[in-house]
Amino acid sequence: MACLHQASTPFAAPSLEVGVGTGRVAEALRLDVGADPALTALERARSRGVCAVGALGDALPFADQTFGLVVLSATLCFAPDPPALLREATRVVRDGGRVVVGIVPRESSWGRRYEEWGRAGHPFYSLARLRTVDEVRSLVEGAGLATDRVRATLWGDCDQVDAAALAVVVPTADSADDAGFVALGAVRHPTSQDWDLRP
Ligand SMILES: C[S@@+](CC[C@H](N)C(=O)[O-])C[C@H]1O[C@@H](n2cnc3c(N)ncnc32)[C@H](O)[C@@H]1O
């Protein structure tokens, strides 16, 4: 959560999570609205107080430039058409607003473990297509967004992780493929020089 939080700051309202699922992230980050096609999960999100809407990220029921922040956490890897999700995220975020994409990098120990489970037929992970940080950055930039911030957490072996590791978030260069979770923050149509341009 700390990783997504850093990549999302400052939180410009209103905010949207695409692929909100059961609302764990939206609740923790206090996002305003969540969208997801999984209607049962949305019930759980609503019970957490999230304003949840049944919708595909590929065709969001919102007007152009509605949001100041759009978050996609662990969603791109489950979507059949990731470029369509990012195009829609770009459409509904306003100029100068942020899109934040959280991923489990394919080459991290976490990514390799999830892929192993997927190959073994896990009902959830067998549906995921994990990517490298560079692959996701290309998708983000292909949608017309400018990546200005990469944050990473959960370094090292997934068998050795403890709760404290979740709080360690590192600003990083674009290749952070050994981290178990990476958040890429990007801006629509840069118009200011004030962003955090640290690698
Ligand atoms: C692993 S869950 C992530 C839930 C939440 N974002 C989190 O980080 O805890 C992935 C979510 O993506 C949603 N999803 C898959 N394809 C989608 C699409 N095309 N548009 C929007 N959401 C989608 C799934 O229904 C699921 O709730």
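Just so it is clear, the model here is predicted, and its values are computed rather than measured. (Residues numbered from 1 in each chain as written. Predicted model: local features only at pLDDT ≥ 70, side-chain atom pairs only at ≥ 80, totals over all residues.)

Observations concerning the overall build of the protein chain
Keep this limit in mind: What counts as a helix is a DSSP run of H or I of at least four residues, what counts as a strand is a run of E of at least two, and both are numbered from the N terminus. Throughout, the radius of gyration refers to the C-alpha atoms, and the reference size of a globule is 2.2 Å times the residue count to the power 0.38. With C-beta atoms placed from the backbone, a residue is labelled by how many other C-beta atoms lie within 10 Å of its own: buried for 20 or more, exposed for 12 or fewer, partly exposed between the two. C-beta atoms are placed from the backbone for every residue, and two residues are taken to be in contact when these atoms lie within 7 Å.
Scanning the protein chain for helices and strands turns up 7 helices and 8 strands. A compact globule built from 199 residues should have a C-alpha radius of gyration of about 16 Å, and the protein chain, at 16 Å, falls within 12% of that. With respect to the principal axes defined by its C-alpha atoms, the protein chain has extents near 40 × 40 × 30 Å. Per-residue burial for the protein chain yields a buried fraction of 41% across its 199 residues. Relative to all contacts within the protein chain whose residues are 6 or more apart in sequence, the contacts with residues 24 or more apart total 68%.

Observations regarding helix α4 (residues 82-92)
Residues three or four positions apart in an α-helix share a direction because the helix packs 3.6 residues into each turn. If you check which residues of α4 are buried, you get Pro-82, Leu-85, Leu-86, Glu-88, Ala-89, Thr-90 and Val-92. Against the buried residues of α4 lie β1 (15-18), β4 (67-73), β5 (93-103), α6 (133-142), β6 (145-155) and β8 (179-188).

Some remarks on the nonpolar core
For the record, the criterion: Any set of buried Ala, Val, Leu, Ile, Met, Phe, Trp, Tyr and Cys residues joined through C-beta atoms within 7 Å is what this text calls a nonpolar core.
Val-70, Ala-89, Val-101, Val-182 and Leu-184 are the most contacted members of the largest nonpolar core, which totals 52 residues. For this core, the element with the highest residue contribution is β8, accounting for 6 residues. Discounting chain neighbours no more than four positions away, the residues touching Leu-184 are Ala-7, Val-101, Val-136, Arg-137, Val-140, Thr-147 and Val-150.

With respect to helix α5 (residues 109-119)
This is how it is decided: By construction, the arc corresponds to the directions joining the helix axis to the C-beta atoms.
Among the residues of α5, those classed as buried are Trp-110, Gly-111 and Tyr-114. Down the axis, α5 shows its buried residues gathered within 95 degrees of arc, on one side only. Projecting away from the buried face of α5 at angles above 90 degrees are the exposed residues Glu-116 and Arg-119. Residues of α5 that are buried in the fold lie against β6 and β8. A positive phi of about 95 degrees marks Gly-121, the residue just after α5.

Focus: the confidence of the model for the protein chain
Quick reminder of the rule: pLDDT is a per-residue confidence score from the predictor, ranging from 0 to 100.
Across the protein chain, the average pLDDT comes to 91, with 92% of residues at or above 70. Note on residues 192-199: pLDDT is under 50 here. Beyond four places in sequence and across chains, it has 10 contacts.

Let's talk about the pairing of β8
Operational definition: When DSSP finds at least two bridges between two strands, those strands are taken to pair.
Extensive coverage of β8 is indicated by the burial of 9 of its 10 residues. Pairing analysis gives 6 bridges linking β5 to β8, with the strands arranged antiparallel. When the bridges of β8 are listed, Gly-102 appears paired with Ala-183. Sheet topology note: the β6/β8 ladder contains 9 bridges and is antiparallel.

Topic: the sheet that holds β5
Using the following cut-off: Angles run from 0 to 180 degrees between N-to-C directions of axes, and those axes are lines fitted to C-alpha atoms, restricted for helices to the stretch in contact.
Taking strand neighbours across the sheet as the criterion, the 8 strands line up as β3-β2-β1-β4-β5-β8-β6-β7 in an open arrangement whose pairing is mixed. One side of each edge strand has no neighbouring strand; the edge strands of this open sheet are β3 (51-54) and β7 (170-171). In the packing of helix α3 (residues 39-47) onto the sheet, the strands contacted are β2 (33-36) and β3, and the crossing angle to β3 comes to about 170 degrees.

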